[in-house]
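Read off the chains here:
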Amino acid sequence: MLIELHKKLKDLLELAVYIKDIKGEDFSSIGNLYENLLEFYHNFYEIPPERISSLINDYEATLKKILLKAEETLNPYEIVKITRHPQRFTLLDILENVYDSYMELGGDGELNIDPAIICAKALISRRVGDEVYFHQVMVIGHEKGHGEEFRRGGSAAPWGNEKALRYMKMAETEGIPIHFYIFTPGAYPIEDYPGAAQQIARNLFYMSKLSVPTISFISEGGSGGAEAIGLTDLRLMAEKGYYSVISPEGAAAIEAKLKDGRPPRELVEKMAKALKLTAKDNLQLGTIDRIIPEPPLGARRKDYDFFKRLKYEMIKATDEVVLQTRSLKMFRKYALSKQTPESFSYFVNWELSEDEKEILIENRYKKYREMTRWAILEPKGFFKSIAQKGAQLGQSIAYEVKYRVLKSSHKTFKKFWEDLASESSLLLKPVSDPIKTVYNLIVGKKVRTKIRMPGEIESESDFYVSPLALQDKTVTCPQAEKYGCPDLWVPDLYGEFCGVCPNCGYHFPLEYHWYINNLFDKGSVKTFNDEISSGNPLNFEGYAEKLKKAREETGLNSALLSFEAKIGGISIVAVMLVADFRQGTVGVAEGEKFIRAIELAKISRRPFIALVHTTGGIRIHEGTMGVVQMPRCTMAVRDYVDSGGLYIVIYDNNSYAGPVASFLGSAPYQFALKSTRLGFAGPRVIFETTGQPVPPDYHSVENALKRGHIQGIWDRRELRKKLFFALLTMGGPNLYYR
Amino acid sequence: MKDKVLIANRGEIAIRIMEACEALGLEYVAVYTKEDEESLHVRLAKKKYRISDYRDMNDLLAVADEEKCTAIHPGYGFLSENYRFARRVVKRERPLIWIGPSWEAIRDLGNKLYMKKVAYQLGIPVIPGSIEPIYNEIEAELKAEEILELAQEEGFQEVSFLVKAVAGGGGMGIEEVKNLEEIRPVFRKLRAYAKRLFGDEGIIIEIKIPVFQHLEVQILGSKHDEYVHFGTRNCTIQSPFRQKRIELAPGFCENISYEFDPKKVEEEIIQHSLNLAKHFNYDSVGTFEWLVTPEGKYYLMEVNTRIQVENEISAKISFIKNKPVNLLKEQIKVAFGEKLGYSQRDIEFRGISLEFRLIAEDTKRGFIPLSGVITKFDYRDYPWLTIRTHVPKDKPYTIPTQFDPNLALAIIYGENFNDLMEKSKRFLNEVVIEGKTFKGEPLATNINFLKEKLSDVYKFLAV
Amino acid sequence: MKIDFTQLTQFLQRFKAKPYKIYPIFTPHTGKIIEFKVKEGDEVKGPSGKWLEKPGTPLFVLEREKNPKLIRAHYDGLAQNVRIELLNRFVEAGELVLEIRHPLTQDEIISEILLNALLVIRAPETARYILSSELGKRLEKEGLGKVIVKEGDELLIMTFMKRETPIFLKEKGQYIIYQIYFKPFELVQAGEPLLGLCPVEDLPHLEKIIQRIKDEWSL
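Quick notes on the rules
- Residues numbered from 1 in each chain as written.
- Chains lettered and ligands numbered in written order.
- Predicted model: local features only at pLDDT ≥ 70, side-chain atom pairs only at ≥ 80, totals over all residues.
- Heavy atoms only, no water.
- Patch = residues over 30% accessible without salt bridge, like charges linked within 9 Å, V, L, I, M, F, W, Y side chains within 5 Å.
- Areas by Shrake-Rupley, 256 points an atom, 1.4 Å probe, with all protein chains shown as cover.
- Salt bridge = Lys/Arg side-chain N within 4 Å of Asp/Glu carboxyl O.
- Lys, Arg positive; Asp, Glu negative; His and termini not counted.
- Charge placed at Lys NZ, Arg CZ, Asp CG, Glu CD.
- Helix = DSSP H or I, 4+ residues; strand = E, 2+ residues; numbered from the N terminus.
- Axes fitted to C-alpha atoms, helices over the stretch in contact; angles between N-to-C directions.
- Parallel < 35°, antiparallel > 145°, perpendicular 65-115°, else oblique.
- Contact = heavy atoms within 4.5 Å.
- Buried area = accessible area lost by both parts, 1.4 Å probe.
- Polar contact = N/O pair within 3.5 Å; in protein donor to acceptor, adjacent residues only side chain to side chain.
- Nonpolar A, V, L, I, M, F, W, Y, C, P; charged D, E, K, R; others polar.
- Expected span 1.5 Å × (residues − 1).
- Buried < 20%, exposed > 50% of the residue type's maximum accessible area, 1.4 Å probe, protein only.
- UniProt positions renumbered as here; feature names shortened; annotations may be inferred.
- Domains from an automatic or database assignment.

With respect to a negative patch on the surface
- Together, E25, D26, E35 and E39 of chain A make up a negatively charged patch on the protein surface.
- Summarising the element assignment, E35 of chain A is placed in helix α2 (residues 30–42).

Here you go:
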């Protein structure tokens, strides 16, 4: 009896600690209450036993009151603290309590390639009437642990995400659904192979077309780290979870322009609010599908009712995803019928037929294609560019084909594509003849050219000269100390040298116009979707003004330019992330423009090139609306590549974070210009996360190549030539199909 | 305002430019580096600045601005054929007069492939071969086949090819190929080499001319569309690294019998050179280099868009309205926009002249350049002898290690071939250069080599 | 081994009497000194950080062709003989601007003393030197005090009279590369030390000497 009371007291003490940690000492005198409880706890055996029971009851009642009050006044930053609290439930708690049995794969505590990621085969059961049915699922997720150092708080290393991908593939082979649990502050930002960014990109690329139902549950959804296992058919979120583009502390540091040190607490709280990171916010934004309710102040590891609810929700979500691939009638019937955590009305077989798999993937594509679309700012009306119309028309046809024709007859489908291809190639100007000759030369067809026939003498007027060149002064190469480079005369440097130090090859940054004007055939660049502009979907304070300023300064509506162009006569579709507009960060407008451009490349069967003038990552002011551009765009990449498209990415200057960890990093061919800094997180973030400083050349392209992240290093002076040859050598006979 | 010339060079050419400036009544400023403090050009200069490097454009221009110079003379070597420097000199906010041809001419004529292309268009014979860079081995083989056909049509026997990196030069990135089968592997090897060394993969293929004489035409153009020539020179005697050692003017000799009419060939190469100069509006001194075969075929090789080391032998045999010529003075005058004041008809050629390049090099061991201290440099003065040197006669001189170890130029004038040979021999027998290397060994020079080679002058030589 | 412990004591006494070295700072090129960043007696620092990624203390600003260039310290120490009269004057290349009085570190003293103990490869000519590419790679990988070379190995490349001449090890036996005394591509006067080699069999003795210097110096 006494022992039970002692145990109860211990629980109350834990609760008090918990409330104190979340709400702070001053909240409803919780600090004092805790002190008293602690004293009570220490003197437990000296207090007369008859008094103990009533004292405990009093404390319990008080704590309950405080708890309810705490819940009422809960703010977003406190929610962030809940998800990080050691008392919060973890994936291992879920495996114990939600699943009927499980076997961890590739891990036993610390003995794990990455203890921050856990993979397990598990059984989950449901009762239908008197029958109990078992489903096999793959469970993959982050394990935060209850304070153990080696879990790194659920921050997955690159090889942890690689492990996750391996078990996803296993589930796919076995045809069982995957339940993902996201408990991560973010990916562990190191570049060692397979690389933080590149592995996330690889995961996203693969998850786009995983042929099994996938459900994710988010408790702590830290940006790119969350996306690494977050591209799923249905996204559930804990009521007291957060899902955000960046930690509130990180956002505050950026907002306050801090180099090091901690940002002020008020600013952190303000950011937590502005980032719209709660479950409710995310549901409103449409970045998640539903919320799993939690007890006041969040579920802790012993809240068994919560686990029961979670089990029910996971089964239901999986059922729904499966049923949507079957018939709408069944789905409706299921939705209307009464399902309870105790008993389901139906048993749903989670195995999918080949046809159902196709629909599953199609549904997934549609889901992400629609996500954040409501926030796209674009003038409606008849004055849309022809290219855009073409893209939409083509798109609708493509959907038509997949939905109707594919099912009935494969042959019709093929035929249709051929017709479409021939027409669109007529419409969109086919590969021109002179290029064919060059191409023939490369593949080795002997073309008898008469020697001693002088060619045309090139005129230099064709060259676009950077306005940077128009000053009579010299500059010093940043690598002069190391390589003894002479001072460079600016007109030479930014003119003839294309911004490259002729001695050491250091690349000085150049404005994006240089690339647009010098990389492509004269007069061939035609931008489209220019009017799609970045908006302020979160009503983030001050962001609208920043956008306005960026618009005025650059004359652009977003950081992404999309255009058609020709290079050596080869017609291509391209996008460029421009440094001048908010450091080339990606939000809703940029994501949408990217998708539309790559879709245009797909229907017009042209190579697709992404130039990264600079990208600073996902734009934090658009919160998760920005983050979901990662899966959205990567799906479009997958679709394009699978249909035979040639996708080439070229990095320049500073290319970091979300975009690299998704639609750029998933490109089969990635090249970087010399002097580019390429990676997942900058040196400051790495130092803050890992506690280790990184060498100055940590993000150099040489190291990126060494680590296997990119396919080659290019020199800006021969970028046009390199790109042209890349198109010819990698593009296959008609520059599109492999 | 009086004009002031910045002399952006060292050694004997700096001294010759100073003399020319003084003769024209121009002020000048000399520059030097730490290593050259003992050089005669530093001692003789009235106004001078120490700079970090003769190739440092920024130092040169900073000194020019500080001294309010109005013109810059690049001499030969260093920045003389750097069109970017020439361009910067004339395009900067405080422009200077570039004493040399326009930067466009330097660029276009300096680009051997482009020059060859233009020359070909103008009907000037160039060495049979590709005139576009080749990047692909299939193409390379094709070209080689065609070149072979062409060479056979022209009567070449046992043709071999020279595969060259476009960006190469000075004997680097060049390989001889004897038969067609070897083209591909050699091409691949050279392309990789060129990419690594020069960063440009472009390769050209030419036929190799086995036996030839190296002739060059001295041209002068003004800004007023006037063009004259100062005859030809013969520079066939070179070191194994194709550096000139003995030069003669004129290019052909009356005492030698040729299989062709030398007068006709000389006229033709002069005419071709003038045509090309006119095409580029060439407005300074320039040298057009030709290969002449024993059969009398000739091919344009390259154009040197600067004053040549050996310019003075042409000056020695030329007389404008019976007066001696100084090509440096002429070069400076035209750079300042003056008219020539004479035409080709006013130029007469008399006599024969020769130049020896006296160099500290070990001709027995691979012509390696030597450094050390010159303790004695002596020769007898004659009216027919001109010595151009920066080595002081009155005290020991340490040869700097950053530059070619050229010690002196000896220019000899003779009435006729036999007279010239006699004077040349006398000079070589009398001149004394003594010194020690840092290891304490006696310093070798190329005097004996020059003596041996004297018997080869005006001969067709095989490389 | 060319050094015994009596000699060593003498060397150490010499360094104790004058435990610093004076580094003259010259203008790298012509231009106008538009600002002095240090004054007489100021403390300056050379590059620091784990990878020497933090640059040294700014000393003065030399402007040429509208490019103000910050000249920084490469050694720790005190600024002295600052020629403040050069301010706003056009200076030639190689003009002395100030000196840095640099207190010698233990490693530097070891390096200086080892000049008397090691087989020192000296510059045969005033020229620019780099390590041979193979040796450079091995040193980068294994570090000083690890790489063993033998007779006939290519050690250095000398850039001299516009030509590159390899320098080979002429001595018999096996040697460890122990010290590097030059900076790549910098002009080295003839006779100056380039490399310090230690015969493999002498390594224990050398390490004793170094230990002795360390002990003595820390006293």
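Moving on, there is more to tell.
Describing the packing of helix α22 (residues 588–603) of chain A against helix α24 (residues 629–642) of chain A
Residue and element names in this part refer to chain A.
- Put simply, α22 and α24 touch, their axes get as near as 9 Å, and they point 5° apart. Classed by the angle they form, the pair α22 and α24 counts as roughly parallel. Contacts from V588, G591, E592, F594, I595, I598, A601 and K602 of α22 reach α24 at Q629, R632, C633, A636, V637, D639 and Y640.

Brief notes about the interface of chain B and chain C
- On the side of chain C, 21 residues touch chain B, which itself brings 33 residues to the contact.
- Counting each side, the surface lost to burial between chain B and chain C is near 2,100 Å², with a carbon and sulfur contribution of 49%.
- It is R50, P369 and T401 of chain B that lose the most area in chain B upon contact with chain C, and together they represent 28% of the buried surface on that side.
- Of the charged contacts, one joins D56 of chain B and R64 of chain C as a salt bridge, the two residues approaching to 3.2 Å between their closest N and O atoms.
- Where chain B packs against chain C, one counts 10 residue pairs in polar contact (both at pLDDT 80 or more).
- At the level of elements, β3 (48–50), α3 (57–66) and β19 (368–369) of chain B are the ones that each hand at least two residues to the side of chain B that touches chain C.
- Top contributing element to the side of chain B that touches chain C by residue count: α3 of chain B, with 7 residues.
- Of the residues contributing to the side of chain B that touches chain C, the split by class is 16 nonpolar, 6 polar and 11 charged.

Describing helix α12 (residues 417–430) of chain B
All names here are of chain B.
- In a regular helix each residue adds 1.5 Å, so 14 residues correspond to 20 Å; α12 covers 20 Å between its end C-alpha atoms and thus fits that length.
- Of the surrounding secondary structure, the elements contacted by the buried residues of α12 are β11 (244–249), β17 (352–359), β21 (385–389), β23 (406–414) and α13 (447–453).
- Its side-chain oxygen at 3.2 Å from the backbone nitrogen of N418, N416 defines the N-terminal cap of α12.

Considerations on the pattern of salt bridges
Residues and elements named next belong to chain C.
- One pass over the full model with this rule turns up 106 salt bridges over all chains.
- When the shortest N-O distance is used, the salt bridge between D153 and K150 registers 3.7 Å.
- Residue classification places D153 among the buried positions, given a relative accessible area of 19%.
- Assessed through its relative accessible area of 45%, K150 is described here as partly exposed.

Some thoughts on the packing of helix α4 (residues 76–84) of chain A against helix α10 (residues 265–274) of chain A
Residue and element names in this part refer to chain A.
- Between α4 and α10, the shortest axis-to-axis distance is 7 Å and the interhelical angle comes to 90°. For the element pair α4 / α10, the angle class is roughly perpendicular. Note on element contacts: α10 touches α4 through R265, V268, E269, A272 and K273, opposite P76, Y77 and K81.
- Per-class residue counts for the contact of α4 with α10 are 4 nonpolar, no polar and 4 charged.

Quick word on the UniProt feature "domain: CoA carboxyltransferase C-terminal" (unreviewed entry) in chain A
- Mapped onto this numbering, the UniProt entry annotates "domain: CoA carboxyltransferase C-terminal" (unreviewed entry) at residues 62–325 of chain A.
- A helix fraction of 41% and a strand fraction of 24% characterise residues 62–325 of chain A, whose end C-alpha atoms lie 51 Å from each other.

Some words on the domain arrangement of chain A
Residues and elements named next belong to chain A.
- For chain A, the domain assignment lists domain 1 (2–73), domain 2 (83–365) and domain 3 (513–730).
- Between the C-alpha centres of domain 1 and domain 2 there is a distance of 33 Å.
- Domain 1 puts 12 residues into the contact, and the matching count from domain 2 is 10 residues.
- Carbon and sulfur atoms supply 59% of the area that domain 1 and domain 2 bury against each other, a total of about 980 Å² over both sides.
- The largest per-residue losses of area from domain 1 upon contact with domain 2 belong to E14, Y18 and E71, which jointly make up 57% of the total buried on that side.
- The tally of links between domain 1 and domain 2 comes to 1 salt bridge.
- We note a salt bridge from E71 to K240, for which the minimum N-O separation is 3.2 Å.
- For the pair domain 1 and domain 2, the number of links is 5 residue pairs in polar contact (both at pLDDT 80 or more).
- Of all the secondary structure elements, the ones that give two or more residues to the side of domain 1 that touches domain 2 are α1 (2–23) and α3 (49–72).

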